[in-house]
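Per-entry structural report
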Amino acid sequence: MKETTSSSVSDPRQPSTAKPYVPPTLSPQDLPIDYAGFIAVVVGVVGVTLRYKICSWLAIIFCAQSLANMKNFENDFKQLSMAFMFGVMGLVTIYLGPRPAKKG
């Protein structure tokens, strides 16, 4: 006697009609905005101009996040390299720049 389960008898799926998912192709202009890259540029500029250590370090961290999530290499790499240079430039000027003279 052959046992059949109720789930196999009433299974409405049809494997012969299944098609693999193909993601739609998007042009570079239609890709979503890279917020991490934009924040890295803004925070990097603030770190350089106002000499804030935390802003320069945050720019480096957001650059790493943007690098990990890069979708379009050509457009994102320009923004990422600029943000990275602002972050590094801020850190160099903060840590290796001239010390302010103490009043006294």
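Above this text you will find the structure in question.
Attention here is on the structure that accompanies the text. (Residues numbered from 1 in each chain as written. Predicted model: local features only at pLDDT ≥ 70, side-chain atom pairs only at ≥ 80, totals over all residues. Heavy atoms only, no water.)

Examining the environment of G44
- Among the secondary structure elements, G44 is positioned in helix α2 (residues 35–50).
- For G44, a relative accessible area of 0% puts it in the buried group. (Helix = DSSP H or I, 4+ residues; strand = E, 2+ residues; numbered from the N terminus. Buried < 20%, exposed > 50% of the residue type's maximum accessible area, 1.4 Å probe, protein only.)

Points about α2
- In a regular helix each residue adds 1.5 Å, so 16 residues correspond to 22 Å; α2 covers 22 Å between its end C-alpha atoms and thus fits that length.
- Buried residues of α2: A36, G37, A40, V41, V43, G44 and G47, and no others.
- Structurally, α2 contributes buried residues whose contacts are with α3 (53–68) and α4 (73–96).
- Of the residues flanking the end of α2, it is R51, one or two places downstream, whose phi is positive at about 55 degrees. (Expected span 1.5 Å × (residues − 1). Contact = heavy atoms within 4.5 Å.)

Here's the deal with the side chain of D34
- As for its position among the elements, D34 is in the loop between α1 (6–9) and α2.
- Each residue touching D34, except ones within four places of it in the same chain, is listed here: S66, D76 and Q79.

With respect to unusual backbone geometry
- Of note in the backbone geometry, R51 takes a positive phi value of approximately 55 degrees without being a glycine.
- With respect to the helices and strands, the residue R51 is situated in the loop between α2 and α3.
- Exposure remark for R51: the relative accessible area of 42% places this residue in the partly exposed category.

A few points about a nonpolar patch on the surface
- Together, I33, Y35, F38, I39 and V42 give the surface a local cluster of nonpolar side chains, amounting to about 520 Å² of exposed area.
- Structurally, I33 is set in the loop between α1 and α2.
- Judged by relative accessible area, which is 60%, I33 ranks as exposed. (Patch = residues over 30% accessible without salt bridge, like charges linked within 9 Å, V, L, I, M, F, W, Y side chains within 5 Å. Areas by Shrake-Rupley, 256 points an atom, 1.4 Å probe, with all protein chains shown as cover. Salt bridge = Lys/Arg side-chain N within 4 Å of Asp/Glu carboxyl O.)

Keep in mind that these numbers describe shape and distance, not what the molecule does.
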